[in-house]
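Observations on chain architecture
This is what each chain is made of:
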Amino acid sequence: MHLTKLSEAFLRSAAYERRFLAKNHWDFSMVVWIPLATVLLIWWIFSQTQITDLPIGVIDQDNSDVANTAVRYLEASPTLTVRQLYYSQADAEAAILQRDIYAVVIIPEDFSRNILSSQPAPLILQVNAQYGTHSGIIQAGVQAVASTLSAGVEIKRLVKQGVAPSQAMTAYAPISVQRISLFNAATNYQQFLASTVIPALLHILAMVIGATTIGRELRDKNIGRWYRFIDIGKPNLTLSKPSKTTSSLSTKQDSSNNKTSSNAKMPNSVSLSVLVFGLLGKYFWPILAYSLWSVLILWLATANQNINIMSLMAVYAGFLCLMILSFWLGAIFTLNSFSLRMGLSTTGFISAPSYAFAGVTFPYIAISDSAQYWSNALPLTHYLKLHIAQLQMQAPIAISLPIVYGLTLAAILALVLAALLTKRALAHPERWGAR
């Protein structure tokens, strides 16, 4: 009988929430359309998987054959494109400020003469280092062009002196670097950034949903009404549309019930188990929707990869636990403060910058000790470790299983804490209605 009552509490709460979502299109969009649009938009933004043709400018003060060769090499580089030749540094600086170009390469006036006289002949690169990714790619591209041009000039000089071409190549570069990329060898930004940015954004949306789903009951003074409905089925919230002859009477009765329930005090007794199953029912539709978005994300991230099925299951379980934990955290912050506004502010403060602390774009070992403590306290950090290890590095599944267990345990504990805070909220009806 007890299990029957708990299952009824779950079903009533799910029906209660379905009725609300059907009538409130904004909340429905937060559950369905906005997450879907977020996933597709981010994936489309990174649809060009590699960064190519970054625009740069060139100031050629030498106008020699060697300088023209340098310009052709810069244009031939896959990561660079010479947008325009400039004749003054003021024009190039204005173009950088307007973001027409991200860097300018200056070929000095005595460039070819210094090369012919075996004197240093530098190419001067002025780059807008405000954009870290652009700056790094441009510097690497220009460095590669300079090295290639320098090697050609030196090898040609040695050959003229009678050195064999093979010996000239060895003499110019006796030590070389053999670079082997272990993971993400194609430098695929869609795989590296898009597949990790999407969980971070959905983490934010999930915490917002967690805060608003229970927070609106507090704000509208309906939390007692919601509990009585999931506990004993009263008031009767019919999902059917009233007929024309009874619509006026039903509207009056509903408004009377809303007024009564809004001003009503706490129920005589509150069952923690009923609250647990009631919260599960209340968040059933967001959990169902985000479980589908989890499948979509994994399909997009692994469409061109051969990933072990166990790794996929571990990542899916970890992502689903992250989303569920996000719902409960949003609810906890709102219930703890008795204010939807404070709950949303706290979720934004915690979830919005969490990606910056996750160690994806900025190395985890390079941040300060206090920042590492904060990073370890954020659930997104641990999920992204699981995500990268299994989908990008294809590490053994045993390495990531503790993260799955930890996220599962955290979600369960957060659910119990949310239920306890809901019980406390029901005991203080005088604090209902805070914005």
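Residues numbered from 1 in each chain as written. Predicted model: local features only at pLDDT ≥ 70, side-chain atom pairs only at ≥ 80, totals over all residues. Heavy atoms only, no water.

**Notes on the sheet that holds strand S1 (residues 54–60)**
Heads up, the condition is: The criterion for strand pairing is that DSSP finds at least two bridges linking the strands in question. Per the convention used, a helix needs a DSSP run of H or I reaching at least four residues, while a strand needs a run of E reaching at least two, with both numbered from the N terminus. To obtain an axis, a line is fitted to C-alpha atoms, over the contacting stretch when the element is a helix, and the angle between two such axes runs from 0 to 180 degrees between their N-to-C directions. By definition, residues are in contact when any of their heavy atoms lie within 4.5 Å.
Across the sheet, which stays open at both edges, the four strands sit in the order S2-S1-S3-S4 with mixed pairing between neighbours. Of all the strands in the sheet, the pair left with one neighbour each is strand S2 (80–86) and strand S4 (124–127). Ignoring strand direction, the axes of neighbouring strands in this sheet form an average angle of 25°. Direction of pairing for strand S3 (residues 103–107) relative to S4: antiparallel, over a ladder of four bridges. The partner of Ile106 across the bridge, within S4, is Ile124. Most of the contacts of helix H4 (residues 65–76) go to S2, to which it runs at about 140°, and overall it touches S1, S2 and S3. Packed on one face of the sheet, helix H5 (residues 89–97) meets S1, S2, S3 and S4 and runs near 160° to S3.

**So, the packing of aromatic side chains**
Under the convention used in this document: To pair, rings of Phe, Tyr and Trp, with the six-membered ring standing in for Trp, must have centres within 6.5 Å; the planes then decide the type, stacked if under 30 degrees apart, edge-to-face if over 60, and tilted in the middle. Charge-over-ring contacts are defined here by two conditions on Lys NZ or Arg CZ: a distance within 6 Å of the ring centre and an angle within 35 degrees of the ring normal.
In total, this model carries nine aromatic pairs according to the counting rule given. Between Phe28 and Trp33, the ring centres sit 6.5 Å apart and the planes meet at 70°, which makes this aromatic pair edge-to-face. Aromatic rings pair up to connect Tyr283, Tyr290, Phe327 and Trp328 into one cluster. Directly above the ring of Phe20 sits Arg216, whose terminal nitrogen or CZ lies 3.7 Å from the centroid.

**With respect to the packing of helix H14 (residues 309–337) against helix H18 (residues 397–426)**
In plain terms, the rule: For classification, angles of less than 35 degrees are called roughly parallel, those exceeding 145 degrees roughly antiparallel, those between 65 and 115 degrees roughly perpendicular, and all remaining angles oblique. Each crossing gets its hand from how the near helix is turned against the far one by less than a right angle, where anticlockwise is left-handed and clockwise is right-handed. Charged means Asp, Glu, Lys or Arg here, nonpolar means Ala, Val, Leu, Ile, Met, Phe, Trp, Tyr, Cys or Pro, and polar covers whatever is left, Gly included.
One way to put it is that H14 packs onto H18 with a least axis distance of 8 Å and a crossing angle of 25°. Judged on the interaxial angle alone, H18 and H14 are roughly parallel. Where H14 crosses over H18, the two elements pack in a sense that is left-handed. Its residues assigned to classes, the contact of H14 with H18 comprises 20 nonpolar, five polar and one charged.

**A closer look at a nonpolar patch on the surface**
As a reminder of what qualifies: Distance thresholds for patches are 9 Å for like charges and 5 Å for nonpolar side chains (Val, Leu, Ile, Met, Phe, Trp, Tyr), applied to residues having over 30% relative accessible area and no salt bridge. For accessible areas, the Shrake-Rupley method is used with a probe of radius 1.4 Å. Any residue's cover is judged against the shown protein chains and nothing else. Whenever Lys or Arg places a side-chain nitrogen within 4 Å of a carboxyl oxygen from Asp or Glu, that contact is recorded as a salt bridge. The classification of residues rests on relative accessible area computed with a 1.4 Å probe and restricted to protein chains. Under 20% of the type maximum is buried, over 50% is exposed, and intermediate values are partly exposed.
On the surface, a nonpolar cluster with roughly 390 Å² of combined accessible area is contributed by Leu272, Ile412, Val416, Leu417 and Leu420. Here Ile412 lies in helix H18. Owing to a relative accessible area of 48%, Ile412 belongs among the partly exposed residues under this scheme.

**Things to note about the pattern of salt bridges**
A complete count under the given rule lists eight salt bridges for this structure. Measuring nitrogen to oxygen at the nearest pair gives 2.9 Å for the salt bridge that ties Lys282 to Glu17. Of the two residues, Lys282 sits in helix H12 (residues 272–282) while Glu17 sits in helix H1 (residues 2–23), which places them 265 residues apart along the sequence. Side by side, Lys282 and Glu17 carry an identical accessibility label, which is buried. One salt-bridge network, in which partners are shared between bridges, spans Glu17, Asp27, Arg216, Glu217 and Lys282.

**Describing H12**
For H12, the complete set of buried residues consists of Val274, Leu275, Val276, Gly278, Leu279, Gly281 and Lys282. Packed against the buried residues of H12 are H1, helix H9 (189–219), helix H10 (223–232), helix H13 (284–301), H14 and H18.

**Considering the confidence of the model for the protein chain**
For clarity, the threshold we go by: The quantity known as pLDDT measures the predictor's confidence residue by residue, on a range of 0 to 100.
With 89% of its residues at a pLDDT of 70 or more, the protein chain has an overall mean of 85. Note that pLDDT drops below 50 for residues 238–264; the model gives that stretch 17 contacts with residues more than four away or on any other chain.

**A look at the pairing of S2**
In plain terms, the rule: By convention, a crossover is right-handed whenever its connection, traced from the first strand over the helix to the second and viewed with the strands pointing away, goes clockwise.
Across six bridges, the pairing between S1 and S2 is parallel. Pairing of Pro55 across the sheet is with Thr81, part of S2. Note that the unit made of S1, H4 and S2 has a crossover that is right-handed.

**What to know about the side chain of Thr69**
Put simply, the rule reads: Whenever a nitrogen or oxygen atom comes within 3.5 Å of another N or O atom, the pair is scored as a polar contact, on the condition that within protein one atom can donate a hydrogen and the other can accept it, and that pairs from neighbouring residues in sequence are kept only if both atoms are in side chains.
As for its position among the elements, Thr69 is in helix H4. For Thr69, a relative accessible area of 17% puts it in the buried group. A distance of 2.9 Å separates the side chain of Thr69 from the backbone oxygen of Asp65, its partner in a polar contact.

**With respect to the nonpolar core**
Which entries qualify depends on this criterion: Nonpolar cores were defined as sets of buried Ala, Val, Leu, Ile, Met, Phe, Trp, Tyr and Cys residues, with membership established by side-chain atoms within 4.5 Å.
If you look at the biggest cluster of nonpolar residues, it comprises 80 residues, and the most contacted ones within it are Leu202, Leu279 and Tyr290. It is H14 that contributes the most residues to this core, 15 residues altogether. Leaving out residues up to four positions away in the same chain, Leu279 has contacts with Ile214, Trp226, Trp328, Leu415, Ala418, Ala419 and Thr422. Counting residues in hydrophobic clusters, the runner-up holds 20 residues, among them Val58, Ala70, Leu74 and Ala103.

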